[in-house]
Amino acid sequence: MKTLLKHLAAACVVALAAGPLQAAEKLGYLVKQPEEPWFQTEWAFAEKAGKEAGFEVLKIAVPDGEKTLNAIDSLAANGAKGFVICTPDPKLGPAIMAKAKSLGLKVVTVDDQFVNAKGQPMTDVPLVMMAASKVGERQGTELYKEMQRRKWKPEETAAMVITANELDTARRRTDGAMAALKAAGFPAKQIFTVPTKSNDIPGALDAGNSLLVQHPGVKNWLVVGMNDNTVLGGVRATEGNGFKAENVIGIGINGVDAVNELSKSKATGFYGSLLPSPDVHGRTSITMLHDWVVKGQEPKKFVEVTDAVLITRDNFREELKKKGLGS
Ligand code: GLA
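What counts and what doesn't
Residues numbered from 1 in each chain as written. Predicted model: local features only at pLDDT ≥ 70, side-chain atom pairs only at ≥ 80, totals over all residues. Heavy atoms only, no water. Pairing = 2+ DSSP bridges. Helix = DSSP H or I, 4+ residues; strand = E, 2+ residues; numbered from the N terminus. Axes fitted to C-alpha atoms, helices over the stretch in contact; angles between N-to-C directions. Contact = heavy atoms within 4.5 Å. Expected span 1.5 Å × (residues − 1). Buried < 20%, exposed > 50% of the residue type's maximum accessible area, 1.4 Å probe, protein only. Core = buried A, V, L, I, M, F, W, Y, C linked by side-chain atoms within 4.5 Å. Parallel < 35°, antiparallel > 145°, perpendicular 65-115°, else oblique. Left-handed = near helix turned anticlockwise from the far one by under 90°. Nonpolar A, V, L, I, M, F, W, Y, C, P; charged D, E, K, R; others polar.

> Tell me about the sheet that holds strand S9 (residues 248-253), and name the residues and values.
Taken in spatial order, the 6 strands line up as S7-S6-S8-S9-S10-S12 in an open sheet, and their pairing is mixed. Each edge of the open sheet carries a strand with a single partner, namely strand S7 (191-195) and strand S12 (309-312). Pairwise comparison of adjacent strand axes, ignoring direction, gives a mean angle of 20° for this sheet. Strand contacts of helix H6 (residues 168-184): strand S6 (157-163), S7, strand S8 (220-224) and S9, with the helix running at about 165° to S6, the strand carrying the most contacts.

And the structure:
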């Protein structure tokens, strides 16, 4: 009996010592728009990285400021040591950092950069993002190429550019697209911009409608926006205003958000999308955070994810598969 008790006691000591070491580290992954496949893909690849390295990813939707601050509290209460975030509003940056600091949580940002009270980027917070200007330029170049392939006359064509300039990554994409269109020879006076009130299809649809009524007499439209949903909203506006698919070329950004549209049995004005690497964003951001929490390894302040592939109705299944994103 005595030896049995001794053994039991020894086992308890071992279990106690091993307990905290074995407990999987918990890390948050907070995203502003969980309905976008873009963010679902980031989540999926962050979770994959977690499974491989033995940590748990707590996925939380944070569509507004209040939910964001509550999520940070609940992460801390659940024992998380840090989180990756794509903020619903860059201006929340200082409030998010203050709360995280008070709770001892580490923060890595993804996609959208925080700005301070003066509206300047908070460059001291680690950030993983796409090469926004370059992807935007590619959007402009590909639109011009497709317009030439269709032999559209520039004087009968205009560009609808749906902007979201308060979001730096969005502004850089649409600026890049307009610069590339002009550089290719597209007439600057036929490029029209309109801001969207929300970064979703309904917001962009409203923006597109208001732009179209101001420019009657245009035969063909190019549609530019910061991501797939924005361009989809613009394309829907052209449809509602009587334009046929053959008179509209929309090229989005994100790729994974364009799968439903590109799978439709008949072509629409949404010609294609630039597919960057949501898989890399998800994996890299959470791994940087994990290395920081576990090994004390300070992350780089800025990681830019380059290259994007143009997906269209012809190649999207194959291209998504190549990146391990196919269904
Ligand atoms: C922003 C957009 C998303 C996606 C990411 C990519 O957050 O809102 O749709 O394009 O950038 O970095």
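> Describe helix H5 (residues 132-149), and please don't skip the residues or the numbers.
Here H5 spans 26 Å end to end across 18 residues, near enough to the 26 Å set by a 1.5 Å rise per residue. Along H5, the residues that are buried comprise Ala132, Val135, Gly136, Gln139, Gly140, Glu142, Leu143, Tyr144, Glu146 and Met147. Just beyond H5, the residue with positive phi is Lys151, at close to 60°.

> Explain the sheet that holds strand S3 (residues 82-86) to me, using residue names and the numbers behind them.
Spatially, the 6 strands line up as an open sheet ordered S2-S1-S3-S4-S5-S11, and their pairing is parallel. Each edge of the open sheet is held by one strand with a lone partner, namely strand S2 (55-61) and strand S11 (302-305). Each adjacent strand pair in this sheet contributes to an overall mean axis angle of 20°, direction not counted.

> Give me the nonpolar core: which residues, what numbers.
Counting residues in each nonpolar core, the largest one holds 70 residues, and the members touching the most others are Tyr29, Leu181, Phe186, Trp221, Leu222, Ile286 and Leu289. Examining the composition of this core, we find that 6 residues originate from one element, helix H2 (residues 37-53), more than from any other. The residues contacting Leu181, other than those within four sequence positions of it, are Gly140, Leu143, Tyr144, Ala159, Phe186, Ile191 and Leu222. By size, the runner-up hydrophobic cluster in this structure holds 17 residues, among which are Leu30, Leu58, Leu75 and Phe114.

> Quick rundown of the packing of H2 against helix H10 (residues 278-295)? Include the residues and the values.
At their nearest, the axes of H2 and H10 sit 7 Å apart, and the two run at 45° to each other. Taken together, H2 and H10 sit at an angle that is classed as oblique. The way H2 lies across H10 gives a crossing that is right-handed. In contact with Trp38, Thr41, Glu42, Phe45, Ala46, Lys48, Ala49, Glu52 and Ala53 of H2, H10 contributes Pro278, Asp279, His281, Gly282, Arg283, Ile286, Thr287 and His290. In terms of residue class, the contact of H2 with H10 is built from 7 nonpolar, 5 polar and 5 charged.

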